[in-house]
Amino acid sequence: CGPSSLCLPFQGTKLELPLWLAKGLYDSKQRVLSVELPAVYKGSWRTVFSADANVVDLHKLGPYYYGFGSQMLHFDGPENAQLAQTVLQTFIGRFRRIMDSSQNAFNEDTSALVARLDELERGLFQSGQKGLNDFQGWEMGHASQITASSLVQNYRKRKFSDLDS
């Protein structure tokens, strides 16, 4: 089975289906089909992730490791608790290094690091880099004024619209 599809035994035959189709066909009460976890979420890989998640090239294993892993929890599998714990611990174990690298790599080539990251991690890295670049620009006087972040602006809009109701 590939990292972005599932192998499904169907009357003695395994079929590889896209996740969206497997989710549509799955019914935990009727047991029309059963879902097999992709190898990257199974025991041997869990051991690797628990030893040192930072050495793993998540992009090579599947560019949406976290998203796909969390979608696998939709299926009632006996390994769901371990799967959820592994995905969470992998994220926690890698998060600090990603954010440290994004904050300490000003004007450096980060392509080797970014190439090994899951898409979620790449987004976090880019956000960290943008924050660092914006701060460096402000610190050097390149920013004419400080502006509120889009999160704060959207919160204010929601708060005012709630008051209007």
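Here, the structure is the one placed above.
Residues numbered from 1 in each chain as written. Predicted model: local features only at pLDDT ≥ 70, side-chain atom pairs only at ≥ 80, totals over all residues. Heavy atoms only, no water.

**Student:** How should the pattern of salt bridges be read in this particular structure?
**Tutor:** Pairing between side chains becomes possible if they bear opposite charge and their charged atoms approach one another. Evaluated as defined, the whole model comprises 6 salt bridges. The salt bridge partner of Lys130 is Asp134, with a shortest N-O separation of 2.7 Å. Here Lys130 and its partner Asp134 are both found in helix H7 (residues 119-139), 4 residues apart, which amounts to about one turn of the helix. (Salt bridge = Lys/Arg side-chain N within 4 Å of Asp/Glu carboxyl O. Helix = DSSP H or I, 4+ residues; strand = E, 2+ residues; numbered from the N terminus.)

**Student:** Whenever I open this one, the packing of aromatic side chains confuses me. Can you help?
**Tutor:** Overall, the coordinates contain 9 aromatic pairs when judged by the stated rule. Seen in terms of ring centroids, Tyr66 and Phe91 are 5.4 Å apart; in terms of plane orientation they differ by 90°. Their pairing is edge-to-face. One end of the pair, Tyr66, is in helix H4 (residues 65-72); the other, Phe91, is in helix H5 (residues 80-103), with 25 residues separating them in the sequence. We classify Tyr66 as buried; its relative accessible area is 6%. (Phe/Tyr/Trp six-rings, centres within 6.5 Å; stacked < 30°, edge-to-face > 60°. Buried < 20%, exposed > 50% of the residue type's maximum accessible area, 1.4 Å probe, protein only.)

**Student:** Looking at this structure, how should I read the side chain of Arg122?
**Tutor:** Looking at the secondary structure, you find Arg122 in helix H7. Residue Arg122 is classed as buried on the basis of its relative accessible area of 18%. Look past the residues within four positions of Arg122 in its chain and what remains in contact with it is His59, Val114, Ala115 and Leu117. (Contact = heavy atoms within 4.5 Å.)

**Student:** Please clarify how the nonpolar core should be interpreted in this entry.
**Tutor:** For soluble globular proteins, the rule of thumb is that nonpolar side chains tend to be buried together. Tyr41, Phe49 and Tyr65 are the most contacted members of the largest nonpolar core, which has 18 residues in total. Put simply, the parts of the chain that give this core at least two residues each are helix H1 (19-25), H4 and H5. It is H4 that contributes the most residues to this core, 4 residues altogether. Residues contacting Phe49, with those up to four places away along its chain left out, are Val40, Val56, Leu58, Leu61, Tyr65, Thr86 and Thr90. By size, the runner-up hydrophobic cluster in this structure holds 5 residues, among which are Leu113, Val114, Leu117 and Phe125. (Core = buried A, V, L, I, M, F, W, Y, C linked by side-chain atoms within 4.5 Å.)

**Student:** I tried to follow the environment of Asp52 on my own but got confused; where do I start?
**Tutor:** On the secondary structure map, Asp52 appears in helix H2 (residues 43-52). Taking relative accessible area as the criterion, Asp52 reaches 35% and is therefore assigned partly exposed. Measuring from C-alpha to C-alpha, the distance between Asp52 and Thr90 comes to 8.6 Å, with 38 residues separating the pair along the chain.

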